[in-house]
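Structure assessment
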Number of protein chains: 2
Amino acid sequence: MSLKETDTEQIILNAAKEVFFKKGYDGARMQEIADEAGMNKALLHYYFRSKDKLFEAIFNDAFQRFVPKIVEKMISNISIEEKIEAFVDNYITVIMEVPQIPIFILTEINRNPERIVGMMKKVGMQPDLIIAGIQNDIDEGKIIDINPRHLLINILALCVFPFAGKPLMQIMLFNNNPGSYHDFLLERKKEVSQFIINSIKNK
Amino acid sequence: MSLKETDTEQIILNAAKEVFFKKGYDGARMQEIADEAGMNKALLHYYFRSKDKLFEAIFNDAFQRFVPKIVEKMISNISIEEKIEAFVDNYITVIMEVPQIPIFILTEINRNPERIVGMMKKVGMQPDLIIAGIQNDIDEGKIIDINPRHLLINILALCVFPFAGKPLMQIMLFNNNPGSYHDFLLERKKEVSQFIINSIKNK
DNA sequence: AAATAGTTTAACCAGATGGCAAAATTAATA
DNA sequence: TATTAATTTTGCCATCTGGTTAAACTATTT
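All values reported here derive from a predicted model rather than from experimental measurement. (Residues numbered from 1 in each chain as written. Chains lettered and ligands numbered in written order. Predicted model: local features only at pLDDT ≥ 70, side-chain atom pairs only at ≥ 80, totals over all residues. Heavy atoms only, no water.)

1. Some points on the relation of the copies chain A and chain B
Its rotation angle being 180 degrees, the transformation that places chain A on chain B also includes 0.0 Å of axial translation and leaves an RMSD of 0.1 Å. A rotation of that kind, with that shift, is consistent with a two-fold axis. Closest to the rotation axis within chain A is the C-alpha of A:Ser199, separated from it by 2.1 Å. Mapped onto chain B, 100% of the interface residues of chain A are again interface residues, and the two copies thus contact each other with one and the same surface. (Least-squares fit on C-alpha atoms with pLDDT ≥ 70 in both. Contact = heavy atoms within 4.5 Å.)

2. With respect to the protein's contact with DNA strand D
Neighbouring DNA strand D are 17 residues, the closest being A:Asn40, A:Tyr47, B:Arg29, B:Lys41 and B:Lys51. Each atom of DNA strand D within 4 Å of the protein belongs either to a base or to sugar and phosphate, the latter forming 60%. Here a phosphate oxygen of DNA strand D sits 3.2 Å away from a polar atom, N or O, in the side chain of A:Tyr46. Separating a phosphate oxygen of DNA strand D from a backbone N or O atom of B:Met30 is a distance of 3.1 Å. When contributions to the surface near DNA strand D are tallied by element, the ones reaching two or more residues are helix H1 (3–27) and helix H3 (41–48) of chain A together with helix H3 (41–48) of chain B. No other element matches the four residues that H3(A) contributes to the surface near DNA strand D. Of the residues assigned to the surface near DNA strand D, the class counts are seven nonpolar, five polar and five charged. (Near = heavy atom within 4 Å. Polar contact = N/O pair within 3.5 Å; in protein donor to acceptor, adjacent residues only side chain to side chain. Helix = DSSP H or I, 4+ residues; strand = E, 2+ residues; numbered from the N terminus. Nonpolar A, V, L, I, M, F, W, Y, C, P; charged D, E, K, R; others polar.)

3. Details of the domain arrangement of chain A
All names here are of chain A. By domain assignment, chain A separates into domain 1 (3–59) and domain 2 (67–200). Here domain 1 and domain 2 have C-alpha centroids that lie 30 Å from each other. If you look at the interface, domain 1 gives nine residues, while domain 2 gives 10 residues. For the pairing of domain 1 and domain 2, the buried interface totals around 900 Å² over both sides, and the portion due to carbon and sulfur atoms is 73%. The largest contributions to the domain 1 side of the interface with domain 2 come from Phe 21, Phe 55 and Phe 59, which together make up 70% of the buried area. On the surface where domain 1 and domain 2 come into contact, there are one salt bridge. As a salt-bridge pair, Arg 115 and Glu 56 come within 3.0 Å of each other at their nearest N and O atoms. The interface formed by domain 1 and domain 2 contains two residue pairs in polar contact (both at pLDDT 80 or more). Those elements giving two or more residues to the side of domain 1 that touches domain 2 turn out to be H1 and helix H4 (51–66). The element best represented in the side of domain 1 that touches domain 2 is H1, accounting for five residues. (Domains from an automatic or database assignment. Buried area = accessible area lost by both parts, 1.4 Å probe. Salt bridge = Lys/Arg side-chain N within 4 Å of Asp/Glu carboxyl O.)

4. Let's talk about the protein's contact with DNA strand C
Neighbouring residues of DNA strand C: 18 residues in total, closest A:Arg29, A:Met30, A:Lys41, A:Lys51 and B:Tyr47. Taking all atoms of DNA strand C within 4 Å of the protein, the share assigned to sugar and phosphate is 60%. Note that a phosphate oxygen of DNA strand C is positioned 3.4 Å from one of the backbone N or O atoms of A:Ala28. One nitrogen or oxygen atom from the side chain of A:Lys41 is found 2.6 Å from a base oxygen belonging to DNA strand C. Of all the elements in the fold, those that place two or more residues in the surface near DNA strand C are H3 of chain A together with helix H1 (3–27) and H3 of chain B. It is H3(B) that contributes the most residues to the surface near DNA strand C, four residues altogether.

5. Details of H3(A)
A distance of 2.8 Å separates the backbone nitrogen of A:Ala42 from a side-chain oxygen at the start of H3(A), and that oxygen is part of A:Asn40. Phi for A:Arg49, located one or two positions after H3(A), is positive at around 65 degrees.

6. Side note on the interface of chain A and chain B
Note on interface size: it is often stated as the accessible area lost on association of the parts. The interface is formed by 53 residues belonging to chain A together with 53 residues belonging to chain B. Counting each side, the surface lost to burial between chain A and chain B is near 4,800 Å², with a carbon and sulfur contribution of 75%. For the interface between chain A and chain B, the tally reads zero salt bridges. Taken together, the connections running from chain A to chain B amount to 13 residue pairs in polar contact (both at pLDDT 80 or more). When its residues are assigned to classes, the side of chain A that touches chain B shows 37 nonpolar, nine polar and seven charged.

Below, the structure is given as structure tokens:
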């Protein structure tokens with residue numbers, strides 16, 4: 001494999017990511033991806049055979065980033081405060097690097113839910129472990145009695161929603177000022193974990 | 001206007017809603033909507049001129065349902081507990097009637113953010129009023145000191161996210177069992193308001 | 001019943017879209 | 001350098017898509 005091959009491949013992937021993120025699968029056009037990549041449309045097919053295959057490559061990568069990567073911390077023996085803080089801070093940080101990912105994943109999973117099943121196995125996500133970890137903290141009296149699934153979804157909701165709803169929130173609450181919204185998202189790292197801890201810690 | 005006109009129009013709208021909700025604007029096909037409505041494709045154009053116009057009708061209606069309708073309660077003089085409970089319960093109830101709305105709105109707003117500006121005026125949504133109401137409760141010492149925008153987004157996130165992420169959550173946490181997930185969403189009416197109140201009430 | 005207006009259908013079109021085959025160009029190998 | 005392999009471009013096609021037009025059909029009015 002020559003340098004050029006890897007190079008072209010990467011250029012295509014970057015262009016495809018940009019277009020797929022912005023327009024979604026159905027809205028994306030192979031021609032537009034080719035233009036974005038500065039090359040001929042047929043080259044896309046030469047490297048990736050079809051629109052589907054190219055999309056798959058983008059989706060897989062995005063999905064992996066979307067799945068929280070810090071299960072270990074969630075089931076370790078550190079304090080519940082540290083767990084929450086680590087999870088929220090890490091997750092918001094990761095998403096901020098590619099903030100279009102949440103809405104992209106949510107949209108495409110809605111369009112084709114079957115894909116997830118296979119995807120989950122590949123990524124090796126084990127929500128049961130997190131659930132069990134939470135239950136453990138409850139049993140040990142570290143936090144109040146709460147349905148672990150509700151708590152888990154609450155945490156995810158508070159982290160993810162501001163990104164999924166970004167265009168709406170930015171216009172509604174920040175006069176469409178991107179800078180303000182960016183700062184707001186940074187603030188949330190502390191704000192969200194504080195909000196959660198307040199709610200679940202035993203007094 | 002004959003009975004038939006209104007009737008056909010409504011049949012088209014229902015069919016269009018179904019298809020647009022499932023596939024989004026780009027994925028939806030006028031032919032598919034016509035099939036769903038059991039009529040000729042040209043009829044859609046006879047009644048709605050274009051795909052855009054038809055979509056607009058669907059989107060406007062969906063957007064109005066997506067915007068919380070209980071601002072009054074949020075700025076009234078009832079206790080903060082009652083406010084939160086009323087808001088959450090009402091909002092989750094409304095969305096459960098048409099649970100596809102959140103992902104649909106989030107997706108389409110991402111595809112075309114400009115639309116919101118005009119839309120907000122039509123619907124008459126005034127987030128500033130809610131913000132001010134929250135600030136008032138803070139000033140009166142009813143709840144802890146918190147950035148009202150964070151609190152507002154937290155509330156929305158906790159209500160909306162489980163619907164936006166439904167396909168993912170249902171598979172990840174409920175073995176793809178729709179009944180279980182439905183019950184789970186019902187539980188959230190109490191769970192979410194409790195979670196919020198726990199977090200913000202002064203001790 | 002004749003005329004008019006409203007509704008529905010069938011047939012079609014121009015442009016776009018994903019994809020492909022073969023030629024042209026460049027790189028690698030002998 | 002000659003030959004083979006890899007990469008890129010050109011040109012094209014079958015299909016689909018939103019949209020239109022004119023004809024057919026139905027209900028209403030006179």
